[in-house]
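Report on the structure
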Amino acid sequence: MPYTPTQAMFLKIVMAIVVGYLLASFFISLTNWILAMPSAVFGK
(Lines give C-alpha, C1' and ligand atoms only; values in the text may rest on other atoms or scores of the structure.)
Protein backbone atom coordinates (compact mmCIF):
# COMPACT_ATOMS: atom_id res chain seq x y z
CA MET A 1 0.00 0.00 0.00
CA PRO A 2 1.25 3.51 -0.75
CA TYR A 3 2.45 5.51 2.24
CA THR A 4 1.85 9.07 1.03
CA PRO A 5 -0.85 10.77 -1.06
CA THR A 6 1.78 11.41 -3.75
CA GLN A 7 2.53 7.69 -4.01
CA ALA A 8 -1.19 6.92 -4.13
CA MET A 9 -1.68 9.46 -6.95
CA PHE A 10 1.26 8.02 -8.87
CA LEU A 11 -0.12 4.48 -8.44
CA LYS A 12 -3.53 5.60 -9.74
CA ILE A 13 -1.93 7.23 -12.79
CA VAL A 14 0.16 4.15 -13.59
CA MET A 15 -2.83 1.84 -13.16
CA ALA A 16 -5.00 4.07 -15.37
CA ILE A 17 -2.35 3.98 -18.11
CA VAL A 18 -1.97 0.20 -17.90
CA VAL A 19 -5.71 -0.51 -17.87
CA GLY A 20 -6.32 1.98 -20.68
CA TYR A 21 -3.60 0.40 -22.80
CA LEU A 22 -5.02 -3.09 -22.27
CA LEU A 23 -8.57 -1.99 -23.08
CA ALA A 24 -7.43 -0.13 -26.20
CA SER A 25 -5.44 -3.15 -27.37
CA PHE A 26 -8.45 -5.39 -26.81
CA PHE A 27 -10.83 -3.17 -28.77
CA ILE A 28 -8.35 -2.71 -31.62
CA SER A 29 -7.88 -6.48 -31.84
CA LEU A 30 -11.63 -7.01 -31.70
CA THR A 31 -12.19 -4.48 -34.49
CA ASN A 32 -9.53 -6.09 -36.68
CA TRP A 33 -11.05 -9.51 -36.04
CA ILE A 34 -14.55 -8.29 -36.95
CA LEU A 35 -13.29 -6.61 -40.12
CA ALA A 36 -11.39 -9.77 -41.15
CA MET A 37 -14.36 -12.07 -40.50
CA PRO A 38 -16.16 -11.70 -43.89
CA SER A 39 -13.05 -12.68 -45.86
CA ALA A 40 -12.52 -15.68 -43.60
CA VAL A 41 -16.15 -16.80 -43.92
CA PHE A 42 -16.64 -16.22 -47.66
CA GLY A 43 -13.16 -17.24 -48.74
CA LYS A 44 -12.13 -14.01 -50.46
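Presented here is a report on the structure given in the accompanying data block. (Residues numbered from 1 in each chain as written. Predicted model: local features only at pLDDT ≥ 70, side-chain atom pairs only at ≥ 80, totals over all residues. Heavy atoms only, no water.)

A word on the overall build of the protein chain. From N to C terminus, the protein chain includes one helix and zero strands. For the protein chain, the spread of C-alpha atoms along the principal axes amounts to about 60 × 10 × 5 Å. Classification of the 44 residues of the protein chain by burial places 0% in the buried group. Of the roughly 4200 Å² that the protein chain leaves accessible, carbon and sulfur atoms contribute 79%. (Helix = DSSP H or I, 4+ residues; strand = E, 2+ residues; numbered from the N terminus. Buried < 20%, exposed > 50% of the residue type's maximum accessible area, 1.4 Å probe, protein only. Areas by Shrake-Rupley, 256 points an atom, 1.4 Å probe, with all protein chains shown as cover.)

Turning our attention to the packing of aromatic side chains. In this structure the tally under the stated criterion is one aromatic pair. When the centroid spacing of 5.3 Å and the interplanar angle of 65° are considered together, the rings of Phe26 and Phe27 count as edge-to-face. (Phe/Tyr/Trp six-rings, centres within 6.5 Å; stacked < 30°, edge-to-face > 60°.)

Time to look at a nonpolar patch on the surface. A cluster of nonpolar side chains, Leu11, Met15, Val19, Leu23, Phe26, Phe27, Leu30, Trp33 and Ile34, forms an exposed patch at the surface whose accessible area comes to about 900 Å². Relative to the helices and strands, Leu30 resides in helix H1 (residues 5–42). Classification of Leu30 by relative accessible area gives partly exposed; the value is 33%. (Patch = residues over 30% accessible without salt bridge, like charges linked within 9 Å, V, L, I, M, F, W, Y side chains within 5 Å. Salt bridge = Lys/Arg side-chain N within 4 Å of Asp/Glu carboxyl O.)

For the rest of this paragraph, the subject is H1. Taking 1.5 Å per residue, 38 residues should reach 56 Å; H1 reaches 56 Å between its end C-alpha atoms and fits that length. Approximately 35° is the largest bend angle found in H1, and it occurs at Ala36, with the proline Pro38 only one to four residues beyond. Where H1 terminates, the next one or two residues include Gly43, which has phi positive at roughly 65°. (Expected span 1.5 Å × (residues − 1). Bend = angle between axes of the 7 residues up to and from the residue.)

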